[in-house]
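One letter stands for each residue in the lines below.
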Amino acid sequence: VAVNNVSAGMLGLADVIKPSASDSVERLQKLGLQVTMLTGDNYTASRAVANEIGIGTVVAEVLPDAKGAMIDGWKTGGNVIGMVGDGINDAPALARADLGIAMGQGTDIAMAAADIVLVGDDLHGVPNAIELSRATVNNIRQNLFFAFFYNTLSIPLAAGLLYPFTGWLLNPMIASAAMAMSSLSVLLNALRLRNFQPAR
């Protein structure tokens, strides 16, 4: 600010950091993920924000096409890459990441390029989505184990495996009830996800 061509002061402008940013970064790191800030903004400003919210690696002053190239480069190392963004400049990287997550308050093109669109602007949705996806995959594995284990035991019995040795055959009524119980156990296990609570 100048008064009569004499310097009288300075104004500093900065983006406001979302209140959920620091906690969300910490949760992602606890999930075993490496968090990197990839931005087109000035490096000094980006580094200051990264320091405040606990991000160690910053790649700044990157053009939109270069963001996509950075994602491709990280993927060639065998890494699974997730990208979180909300702007037009993020769209190429969101589209090329293994998992693109767009904020619900972002631009239409970012939301179209992403695999997941979060409702609202709360960054807690990012670790929440990852925790829920991991719980879902674990649930699927459990259900597959239940189904294969049950069928491995039950099908030979229903086919009369024990008949030559014991003369025992499985009653069709019992077999059908047991099959229904198998399906019910898988269903009940899947319904446990309704009670999923993120680790906040």
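Residues numbered from 1 in each chain as written. Predicted model: local features only at pLDDT ≥ 70, side-chain atom pairs only at ≥ 80, totals over all residues. Heavy atoms only, no water.

Asker: A description of the confidence of the model for the chain should follow, citing residues and the corresponding values.
Answerer: A low pLDDT means the predicted coordinates there should not be read in detail. Per-residue pLDDT for the chain averages 90, and the proportion of residues at 70 or more is 100%. Mean pLDDT across the elements of the chain bottoms out in helix α7 (residues 163–166) (82) and peaks in strand β3 (residues 36–38) (97). (pLDDT = per-residue confidence, 0-100. Helix = DSSP H or I, 4+ residues; strand = E, 2+ residues; numbered from the N terminus.)

Asker: Can you explain the side chain of Lys 67? Please cite residues and give values.
Answerer: Relative to the helices and strands, Lys 67 resides in helix α3 (residues 64–76). The exposure class of Lys 67 is buried, given its relative accessible area of 5%. Non-local contacts of Lys 67, meaning those with residues more than four positions away in its chain, are made with Leu 38, Thr 39, Gly 40, Val 62, Asn 89, Asp 90 and Ala 93. (Buried < 20%, exposed > 50% of the residue type's maximum accessible area, 1.4 Å probe, protein only. Contact = heavy atoms within 4.5 Å.)

Asker: Describe the packing of helix α6 (residues 125–158) against helix α8 (residues 172–191), with residues and values.
Answerer: The contact between α6 and α8 brings their axes to 9 Å, and the two run at 170 degrees. Classed by the angle they form, the pair α6 and α8 counts as roughly antiparallel. Contact residues: Asn 139, Gln 142, Asn 143, Phe 146, Tyr 150 and Asn 151 in α6; Ala 175, Ala 178, Met 179, Ser 182, Val 186, Asn 189 and Ala 190 in α8. For the contact of α6 with α8, the residue count by class is 7 nonpolar, 6 polar and no charged. (Axes fitted to C-alpha atoms, helices over the stretch in contact; angles between N-to-C directions. Parallel < 35°, antiparallel > 145°, perpendicular 65-115°, else oblique. Nonpolar A, V, L, I, M, F, W, Y, C, P; charged D, E, K, R; others polar.)

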